Amino acid sequence: MLPSLSIVIVNWNSFDVTHNCLASLRAIDYPDYRVIVVDNGSNDGSGDKLKSQFPEIVLLKNEKNLGFTGGNNTGIEFALNEGFELVMLLNNDTIVTPDFASSLVAVLQQDLNIGAIQPKIMFNQEREVIWNAGSSFSKIWHLTRTIGMGETDKGAYDERKEIPWVTGCCFLTKSSIIRQVGKLDDRFFIYYEDTDWSFRIKKAGYKLVYEPSSKIYHEVGKSNDNRETFGEGNLSPFSHYVNIRNHIFIVRRYAKGFFFITSMLYQLYKLTGYSLYFLIRGRFKKLRASFRGFYHGLTFQV
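Remember, predicted model here, so these are calculated numbers, not experimental data. (Residues numbered from 1 in each chain as written. Predicted model: local features only at pLDDT ≥ 70, side-chain atom pairs only at ≥ 80, totals over all residues. Heavy atoms only, no water.)

Participant: Explanation requested: the packing of helix H7 (residues 237–254) against helix H9 (residues 284–299) in the structure shown.
Facilitator: Angle between the axes and distance between the axes: these two values describe a pair of packed helices. Following both chains from N to C, one finds H7 and H9 inclined at 25°, their axes separated by 7 Å at the closest point. The orientation of H7 relative to H9 falls into the category roughly parallel. Crossing handedness for the pair H7 and H9: right-handed. Contact with H7, carried on its side by Pro-237, His-240, Tyr-241, Ile-244, Arg-245, Ile-248, Phe-249 and Arg-252, involves Lys-285, Lys-286, Ala-289, Ser-290, Arg-292, Gly-293, Phe-294, His-296, Gly-297, Leu-298 and Thr-299 of H9 and no other residues of that element. Of the residues assigned to the contact of H7 with H9, the class counts are eight nonpolar, six polar and five charged. (Axes fitted to C-alpha atoms, helices over the stretch in contact; angles between N-to-C directions. Helix = DSSP H or I, 4+ residues; strand = E, 2+ residues; numbered from the N terminus. Parallel < 35°, antiparallel > 145°, perpendicular 65-115°, else oblique. Left-handed = near helix turned anticlockwise from the far one by under 90°. Contact = heavy atoms within 4.5 Å. Nonpolar A, V, L, I, M, F, W, Y, C, P; charged D, E, K, R; others polar.)

And the structure:
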């Protein structure tokens, strides 16, 4: 008998995008699953519209936008309380294939030492081009990388393998493991929260796995179409703030000894590069946000 699966999706003012994701989930072949949509403080009525068109979903509402971490934690808490055996985080800007979940669960059941697993993720706009085929991690710099991004899929990443971190775009784990290591850390809000969760699962003694037989498609950036309202280009000053801050959180939490020194040197290099670029382009909001992120990364409790 297959374990019960909860699929947590966060929606924020993104009816069309989330609608397409939910429509694709209706076609999956997994027999025992429930989709939990967390409306993260939307002001466009998209949560209620989604519930009216997809009455089978569980709709939970946060009064305000609690970020990727807070939105997903609302869904995770519901799934744990309802007794689901598996919890999957799935970006609302994805389109899934019918067997993506069953393929992941089959591998998860084969090896009890697997703590979390992810599929191969392709660009939805160019379905032969890879968005994520696993991950790498540089211990000396504490730098995370995505494998295969932008490459045409020619079979180079068709083998299952152990990876250092699982992307939050599609992150499948067990409820028992979440009870052991905790939910997402709300201090991250967005960015690097999946890295932190992955590292905590690894620290508890589990493996993280990339499974290429499972495939989904990612409408990259579509869930963040509101970000241009912040000005100064596509990526908001707030995004730069949390990116810099949270990367330093990772360094402070996991880098030890010599690697802490080298990783902090990289953070200084990163801040210098951003600062020069923003000065040249006259993007002073982003400049201020970057320095604030660096300062808070060093001073906030982790």
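Don't stop here, the text continues.
Participant: How do you make sense of the domain arrangement of the chain when you look at a structure like this?
Facilitator: The figure often quoted for interface size is the accessible area lost as the parts come together. If you check the domain split of the chain, you get domain 1 (5–223) and domain 2 (237–299). Centre-to-centre separation of domain 1 and domain 2, based on C-alpha positions: 26 Å. Taken residue by residue, the interface counts 16 residues in domain 1 and 19 residues in domain 2. Overall, the association of domain 1 and domain 2 removes approximately 1700 Å² of surface from exposure, summing both partners, and the carbon and sulfur fraction of that is 64%. Here domain 1 is connected to domain 2 by two salt bridges. For the salt bridge of Arg-253 with Asp-185, the shortest nitrogen-to-oxygen distance reads 2.9 Å. At four residues, the largest contribution of residues to the side of domain 1 that touches domain 2 is made by helix H6 (residues 193–203). Here the side of domain 1 that touches domain 2 is composed, by residue class, of nine nonpolar, two polar and five charged. (Domains from an automatic or database assignment. Buried area = accessible area lost by both parts, 1.4 Å probe. Salt bridge = Lys/Arg side-chain N within 4 Å of Asp/Glu carboxyl O.)

Participant: What should I look at first to understand a nonpolar patch on the surface in this one?
Facilitator: Taken together, the side chains of Phe-260, Ile-261, Leu-265 and Leu-268 define a hydrophobic patch exposed on the protein surface, amounting to about 360 Å² of accessible area. Locating Phe-260 in the fold gives a position in helix H8 (residues 258–281). Residue classification places Phe-260 among the partly exposed residues on the basis of a relative accessible area of 32%. (Patch = residues over 30% accessible without salt bridge, like charges linked within 9 Å, V, L, I, M, F, W, Y side chains within 5 Å. Areas by Shrake-Rupley, 256 points an atom, 1.4 Å probe, with all protein chains shown as cover. Buried < 20%, exposed > 50% of the residue type's maximum accessible area, 1.4 Å probe, protein only.)

Participant: Would you explain the nonpolar core in this entry?
Facilitator: If you look at soluble globular proteins, the nonpolar side chains tend to sit buried side by side. Within the largest apolar cluster, 35 residues are counted, with the highest numbers of intra-cluster contacts made by Leu-22, Leu-25, Met-88, Leu-90, Phe-100 and Leu-172. For this core, the secondary structure elements donating two or more residues are strand E1 (5–11), helix H1 (15–25), strand E2 (33–40), strand E4 (86–90), helix H4 (100–110), strand E6 (114–123), strand E11 (170–174) and strand E12 (207–218). No other element matches the six residues that H4 contributes to this core. Core analysis: the next-biggest nonpolar cluster, separate from the first, contains 31 residues, Val-58, Ile-147, Ile-201 and Tyr-210 among them. (Core = buried A, V, L, I, M, F, W, Y, C linked by side-chain atoms within 4.5 Å.)

Participant: Would you explain the pairing of E12 in this entry?
Facilitator: Here E12 lies mainly inside the structure; nine of its twelve residues are buried. Bridge analysis of strand E5 (residues 94–96) against E12 gives three bridges, and the strand direction is antiparallel. By the bridge assignment for E12, Val-96 is matched with Ile-216. Note that E6 and E12 share nine bridges and pair parallel. Bridge assignment links Ile-114 to a residue of E12, and that residue is Lys-207. (Pairing = 2+ DSSP bridges.)

Participant: How should I be thinking about the UniProt feature "transmembrane region" (unreviewed entry) in the chain in this particular structure?
Facilitator: Following the UniProt record, one finds the feature "transmembrane region" (unreviewed entry) at residues 258–280. Structurally, residues 258–280 is divided into 100% helix and 0% strand, and its ends, taken at the C-alpha atoms, are 34 Å apart. (UniProt positions renumbered as here; feature names shortened; annotations may be inferred.)

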